[in-house]
Amino acid sequence: MSPIDDKDIRRNNTVFDKIGVENFKAFGALQRVRLKPITLLYGKNSSGKSSFIHSLLYLKSTKLSGNFDPKDTKLLRFGGFDRFKHERLEGQIVAFDLCLNGADLVPIFSSGLKSFNIRLEVKRNGDPKLGPVCLQQILFSISDEEPFFSFRYLRKGRYKLEVDPKSKSGLKLFSETEKNLETVENSLECVVTENYLIPDRVIAKSGTKPQGILVAKIEDFLTKISKEISDYLDNVSYLCGNRDVADQGILDGAVSSNDEEDSGGLYYWEQIRKDAELREQVNTHLRLLFDKRYEIIAVDFFKSSTAAKYAENIQQDFTSASEEIENQENADNDLGGISEYLDHPMKDEKVSSTNSKEEKEPEEKPFGELVEDKLDSVSGDRIEIRILDTHSKTRLKLLPHELGFGVGQVIPMIAAACLPGRTVIVEQPETHLHPKQQADLGEILASSLALQEGGREGSTFIIETHSIHVLERLGKIIRETSKEKDFKGLRLKPGEVGVYYVDAEETTSVKLRRMELRDDGKLKRKWPGEFFNEDMNDLF
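We now turn to the structure provided with this report. (Residues numbered from 1 in each chain as written. Predicted model: local features only at pLDDT ≥ 70, side-chain atom pairs only at ≥ 80, totals over all residues. Heavy atoms only, no water.)

1. As for the overall build of the protein
Spelled out, the test is: In DSSP terms, a helix is any run of H or I states spanning at least four residues, a strand is any run of E spanning at least two, and both are numbered starting from the N terminus. Throughout, exposure labels follow a simple rule: accessible area from a 1.4 Å probe, protein chains only, divided by the maximum for the residue type, with under 20% read as buried, over 50% as exposed, and the rest as partly exposed. For the accessible areas, the method is Shrake-Rupley and the probe is 1.4 Å, while residue cover comes only from the protein chains on display.
Helices and strands together make up the secondary structure of the protein, namely 14 helices and 18 strands. When the 540 residues of the protein are sorted by exposure, 49% land in the buried category. As displayed, the protein has an accessible area near 28,100 Å², and 48% of this comes from carbon and sulfur atoms.

This is the structure in structure tokens:
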């Protein structure tokens, strides 16, 4: 028996124990994923792995825009509600099941409740073809019990509050009597502010006077839960290997990079650009992956030859344009003067200009000096970053597109492992990496948990992958930990890694099969459908 106890596992930042999806893309019947610090989704192509991570991106996009019928967003192209609902059936309800952990919500769960579920049901309101898509119903329950609390959509962001006054969970949560809870249903409505996904404010219906203390309790509960969900979605990052974003992050140091509109890691490029300590942490992992060949360096734009060349080019363009304008103005003035003279009634008289006084205009600086003054006036914090090739004789400073695709793709993921407090969704991180580098990714993922040794929460990773090498390296770290050792300073327990196989073999609706890990880092059972057995089949 291993000395490692799974109940003491590290959890990282998420307040969600599980996230479930129903009637979304490949998912029909409700399927839940228990989130771990590292969650890996395996499965054949088009089995439904992406459907799960897209469900989280849908909630994030909806929270940001307030639109439950998104088509094209900067995060993802959804195509609209009628295209991503399962089997595209009319009247279909798309549902999301969020299980919140009470340990992270101590102020709310002072009553002793450990966790509860929130079910979000999205549907077309009214006409199944023409009606607007909205969050139709929100249900609060303990485990699989009947809901003790629910909201039904009314109109324009307003919801009817419904309470089960006989629910033991509801009575315990609000420390109220059954009679007091009965008054709530007929006297209160709830509304959503622009920053939240679910209702967070309570308003009294016209002509009613609900009990003030109870109203305050309910609103406090809703505000805290809404904020937890909102904060979680705000901190969801999506990495899909967008090379254009990588170059933008390096070149546009002044951009306002918000991960809510980013599918390629611009948020992380910007953090690397600004934070010298983070750059060094990323470089430590980068040297591991690429045999000490590449490292990220900072370049001060205003002190580089780039700035001087930039100013010179602008001056040349400005000079050429100025000469063109001046020539045109001279031609226009000559023609205008002749025309005016021919038409003037006193054209035969000479006009003396001896009494006129010409004002002397101040002398202007040459354009090049103006540019230099401007550059000198800017503080030297406009940092751009480059990737240094240490094997190059001239020590080339490169952009991601000037290297193999794998380098630029993996850097944001490394930065995510070094930074605390986010949920990082990654599609195919092993793409363009050879097997050794894929295995080394496992070490980088495990290093995120090591942040807790310094009192910080690491990021949580949800990864869609086909790489067995990532899992095998994680398994090796687990095996060494079970022997009360560590692997390169890393420790990992079986309960800190979640492995799921997305099975689409039996029906049109996929099933999530949980693949548990043993203390020796091996799976407790074989992969379904001879997954990962092709090497043995080819050998024998």
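Having put the structure on the table, let's press on.
2. What to know about the sheet that holds strand S15 (residues 423-427)
Going by this rule: Criterion used throughout: strands pair if DSSP finds at least two bridges between them. Interaxial angles span 0 to 180 degrees and are taken between N-to-C directions of axes, which are lines fitted to C-alpha atoms, for helices over the stretch in contact. When checking whether two residues touch, look at their non-hydrogen atoms; a contact exists if any pair is within 4.5 Å.
Taken in spatial order, the six strands line up as S11-S15-S16-S3-S17-S18 in an open sheet, and their pairing is mixed. Taken across any chain shown, the strands that pair with only one partner, and hence form the sheet edges, are strand S11 (236-239) and strand S18 (511-514). Pairs of neighbouring strands in the sheet enclose a mean axial angle of 20 degrees, with direction left out of account. In the sheet, strand S3 (residues 38-42) pairs with strand S16 (residues 460-464) via four bridges, with the strands oriented parallel. Looking at S16, one finds that Leu40 is bridged to Ile463. Strands S3 and strand S17 (497-503) of the sheet are contacted by helix H13 (residues 468-482), whose axis makes an angle of about 145 degrees with S3.

3. Details of the pairing of S15
With five of five residues buried, S15 is to be regarded as a mostly interior element. Of the two faces of S15, the one carrying Thr423, Ile425 and Glu427 and the one carrying Val424 and Val426 are both buried. Inspection of the sheet shows S11 paired to S15 by four bridges, in the parallel sense. Bridged to Leu239 within S15 is Val426. Taken together, the five bridges between S15 and S16 define a ladder with parallel strand orientation. Bridge pairing in S16 links Ile425 to Ile462.

4. Notes on the packing of helix H11 (residues 405-418) against helix H12 (residues 435-449)
The following threshold applies: With respect to orientation, any angle under 35 degrees is reported as roughly parallel, any angle over 145 as roughly antiparallel, any angle of 65 to 115 as roughly perpendicular, and every other angle as oblique. Here the nonpolar group is Ala, Val, Leu, Ile, Met, Phe, Trp, Tyr, Cys and Pro; Asp, Glu, Lys and Arg are the charged ones; every other residue, Gly included, is treated as polar.
Closest axis-to-axis distance for the H11/H12 pair is 8 Å, and the angle between their directions is 30 degrees. Looking at the two axes, H11 sits roughly parallel to H12. Facing Val410, Met413, Ile414 and Ala417 of H11, the residues of H12 in contact are Leu441, Ile444, Leu445, Ser447 and Ser448. Residues belonging to the contact of H11 with H12 are distributed by class as follows: seven nonpolar, two polar and no charged.

5. With respect to H11
Rules: Fitting one axis to the seven residues ending at a residue and another to the seven starting there, the bend at that residue is the angle between the two axes.
Remark: the principal bend of H11, roughly 25 degrees, maps to Ile411, with a proline, Pro412, within the next four residues. With 13 of its 14 residues buried, H11 lies for the most part within the structure.

6. With respect to the nonpolar core
Generally speaking, a soluble globular protein has its nonpolar side chains buried in company with each other. This is how it is decided: By nonpolar core we mean a set of buried residues, namely Ala, Val, Leu, Ile, Met, Phe, Trp, Tyr and Cys, connected to one another through side-chain atoms within 4.5 Å.
Ranked by internal contacts, the top residues of the largest apolar core, which has 63 residues, are Leu120, Phe140 and Phe149. The dominant element in this core, judged by the number of residues it contributes, is helix H5 (residues 212-234), at nine residues. When near neighbours in sequence (up to four residues on either side) are disregarded, Phe140 contacts Phe116, Asn117, Ile118, Pro147, Phe148, Phe149, Phe151, Ile198, Phe221, Leu222 and Ile225. Ranked by size, the runner-up nonpolar core spans 55 residues in total, among them Tyr268, Ile272, Ile414 and Leu419.

7. Brief notes about the sheet that holds strand S12 (residues 294-300)
Overall, antiparallel pairing links the three strands, which are arranged S12-S13-S14 in an open sheet. The sheet is open, and its two borders are formed by S12 and strand S14 (397-398), each paired with just one other strand. Pairing analysis gives seven bridges linking S12 to strand S13 (residues 383-389), with the strands arranged antiparallel. Bridging across to S13, Ile296 finds its partner in Ile387.

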